[in-house]
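Spelled out from the first residue to the last, the chains are:
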Amino acid sequence: MATSLWQRGTRALLTLTLLLGLTGCGMNTIPTLDEQVKASWGQVENQYQRRADLIPNLVATVKGYASHEQETLKAVTDARARVGSVQVSDPSQLKAFEAAQEQLSSALSRLMVVVERYPDLKADQQFLTLQAQLEGTENRIAVARRDYIEAVRQFNTEIRTFPGVIWSKLLYSDLEAKPTFSAKPGADEAPKVSFQ
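Residues numbered from 1 in each chain as written. Predicted model: local features only at pLDDT ≥ 70, side-chain atom pairs only at ≥ 80, totals over all residues. Heavy atoms only, no water.

Caption draft 1: Structural view of the packing of aromatic side chains. Within the structure shown, the criterion is met by five aromatic pairs. Pairing Tyr48 with Phe97 gives two aromatic rings, centres 5.3 Å apart and planes at 70 degrees, and the pair type is edge-to-face. Of this pair, Tyr48 sits in helix α2 (residues 29–65) while Phe97 sits in helix α4 (residues 94–116), and the two are 49 residues apart along the sequence. Each member of the pair, Tyr48 as well as Phe97, carries the same accessibility label: buried. Feature note: the residues Trp41, Tyr48, Phe97, Tyr148 and Phe181 constitute an aromatic cluster, connected by ring pairs. Note that Arg145 overlies the ring of Phe181, its terminal NZ or CZ placed 3.9 Å from the centroid. The ring centre of Phe155 lies 5.1 Å from the NZ or CZ of Lys178, which sits over that ring. (Phe/Tyr/Trp six-rings, centres within 6.5 Å; stacked < 30°, edge-to-face > 60°. Helix = DSSP H or I, 4+ residues; strand = E, 2+ residues; numbered from the N terminus. Buried < 20%, exposed > 50% of the residue type's maximum accessible area, 1.4 Å probe, protein only. Lys NZ or Arg CZ within 6 Å of the ring centre and 35° of its normal.)

What follows is the structure, encoded as structure tokens:
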């Protein structure tokens with residue numbers, strides 16, 4: 001009887017030790033990091049949406065001053081529509097999303113060149129406010145992308161290193177490495193500035 005009681009006590013102690021060991025072993029790290037990646041991506045989308053929401057106001061303001069610049073204004077509107085149509089639900093769609101965002105950035109750059117031709121527009125308070133909002137949004141996008149890249153780095157490192165690789169294969173085999181942003185071709189070259 002004493003041996004049986006001793007064996008039960010030993011088993012209980014071993015079970016308790018095993019449970020405590022599992023809580024500190026990183027088993028929950030992978031889903032935690034996966035949720036961080038999702039939240040970080042949500043913030044990236046939030047900032048892109050903020051930019052897309054500002055564009056109709058910017059276009060309307062510029063239209064009032066530069067009604068004959070329809071081609072540029074249409075390019076901005078079309079690029080904004082393309083951005084809204086691309087949804088990233090799996091990693092393969094990240095490149096299409098980045099391409100749509102790049103087209104929008106390019107259209108906005110052309111719009112700012114148009115603005116340079118209209119001194120009255122550049123001095124208009126509504127335009128200046130919108131321009132400041134867009135500049136702030138671009139900074140927020142950069143920060144959100146940086147945070148997403150860091151969250152992806154942490155997640156991908158965890159599922160590829162010990163002991164995360166074990167938990168990844170045993171419990172979270174459906175979670176794959178997350179894609180990250182990459183610089184567009186030519187981004188490593190200094191931009192050319194011309195005042196002509």
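Caption draft 2: Focus on the environment of Glu176. Here Glu176 lies in the segment after α7 (164–170). Distance from Glu176 to Asp34, taken between C-alpha atoms, is 9.8 Å for residues 142 residues apart in sequence. Setting aside chain neighbours within four positions, we find Glu176 in contact with Phe155 and Ile159. (Contact = heavy atoms within 4.5 Å.)

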